Amino acid sequence: MICIQPYASPLGGILLAADETGLVGLWFDGQKYFARTLPAEIVQKSTPILAEAARWLDLYFAGYVPDFTPPLHPAGSAFRKAVWDILLTIPYGQTLTYGDIARQLAAQQGGRVSAQAVGGAVGHNPISLIIPCHRVVGTNGSLTGYAGGIEKKVQLLELEHADMRGLFIPQKGSAL
């Protein structure tokens, strides 16, 4: 059974979802792919996993680096899960590029991995923030590819006191 719980963040509403194993979703209201992985039957009630995720968010939005990760149980292909595992290693306040992640995967798995394939996996991350897809930027420093919106990506990186020099929001109509 999937249980859901709303969470009010300083950046807007968030929906948390968990099964008996771990967190399966964390989405900003209105974000791309919002709750797309949820089954038709869900129950709104708090569980220990949802409470732990809310506590993580409380610490994060208060400007602290949470010293724990709630149990995670994202659904996805082996490739997507490998990308999400790398996202979990990006330190608070730092960024990696899609190309950096592609090179790490290629080294782990052998062969070539495209940055575009990495971008697809990053974009379909069902557990935003905790699996920190907002810390992934374009090779040229462009702030692209955040399902919650570029404005939220900037706010999250600023909250983490990330070095924003060299990062920019691409202009509409430019190649992402």
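Residues numbered from 1 in each chain as written. Predicted model: local features only at pLDDT ≥ 70, side-chain atom pairs only at ≥ 80, totals over all residues. Heavy atoms only, no water.

Quick one: what's the story with the packing of helix α2 (residues 78–87) against helix α3 (residues 98–109), residue by residue and with numbers?
One can describe the packing of α2 onto α3 by two numbers: an axis separation of 10 Å at closest approach and a directional angle of 115°. Between α2 and α3 the crossing geometry is right-handed. For the pair α2 and α3, contact is made by Phe79, Ala82, Val83, Ile86 and Leu87 and by Ile101, Gln104, Leu105, Gln108 and Gln109, respectively. Taken together, the residues of the contact of α2 with α3 break down into 7 nonpolar, 3 polar and no charged. (Axes fitted to C-alpha atoms, helices over the stretch in contact; angles between N-to-C directions. Helix = DSSP H or I, 4+ residues; strand = E, 2+ residues; numbered from the N terminus. Left-handed = near helix turned anticlockwise from the far one by under 90°. Contact = heavy atoms within 4.5 Å. Nonpolar A, V, L, I, M, F, W, Y, C, P; charged D, E, K, R; others polar.)

I'd like a rundown of unusual backbone geometry, residues and numbers included.
One non-glycine residue with positive phi stands out, namely leucine 129, at about 70°. If you trace the backbone, leucine 129 turns up in the loop between α4 (115–123) and β6 (136–137). Look at leucine 129 and you get buried, because its relative accessible area is 1%. Not every positive phi belongs to a glycine, and histidine 161 is a case in point at roughly 55°. Position of histidine 161 relative to the elements: it lies in the segment after α5 (150–159). Overall, the relative accessible area of 69% leaves histidine 161 in the exposed class. (Buried < 20%, exposed > 50% of the residue type's maximum accessible area, 1.4 Å probe, protein only.)

Kindly report on the nonpolar core, identifying the contributing residues and their values.
In this structure, Leu16, Leu23 and Leu129 are the most contacted members of the largest nonpolar core, which totals 42 residues. For this core, the elements supplying multiple residues, two or more each, are β1 (2–9), β2 (12–18), β3 (23–28), α1 (48–61), α2, α3 and α4. Of the residues forming this core, the biggest block, 8 residues, is contributed by α1. Leave out the neighbours within four places in its chain, and leucine 16 touches Cys3, Ile4, Gln5, Tyr7, Leu23, Gly25, Leu26, Leu50, Ala53, Ala54 and Leu57. Counting 8 residues, the second-largest nonpolar core is a separate cluster that includes Ile2, Ile4, Ala17 and Ala35. (Core = buried A, V, L, I, M, F, W, Y, C linked by side-chain atoms within 4.5 Å.)

Please set out the pattern of salt bridges residue by residue, giving values where relevant.
Summed over the entire model, instances satisfying the criterion amount to 3 salt bridges. The partner of aspartate 100 in a salt bridge is arginine 103, with the nearest N and O atoms 2.8 Å apart. Here aspartate 100 and its partner arginine 103 are both found in helix α3, 3 residues apart, which amounts to about one turn of the helix. Under the relative-accessibility criterion, arginine 103 is labelled exposed at 54%. The shortest N-O distance in the salt bridge between aspartate 163 and arginine 165 comes to 2.7 Å. The exposed category is assigned to arginine 165, whose relative accessible area is 70%. (Salt bridge = Lys/Arg side-chain N within 4 Å of Asp/Glu carboxyl O.)

How would you summarise the packing of α3 against α4 if you had to cite specific residues and measurements?
Contact geometry of α3 with α4 gives a least axis separation of 8 Å together with a crossing angle of 105°. On the basis of their axis angle, the class for α3 and α4 is roughly perpendicular. When α3 is examined against α4, the residues Tyr98, Gly99, Ile101, Ala102 and Leu105 are found in contact with a partner set consisting of Ala115, Val118, Gly119 and Val122. Taken together, the residues of the contact of α3 with α4 sort by class into 7 nonpolar, 2 polar and no charged. (Parallel < 35°, antiparallel > 145°, perpendicular 65-115°, else oblique.)

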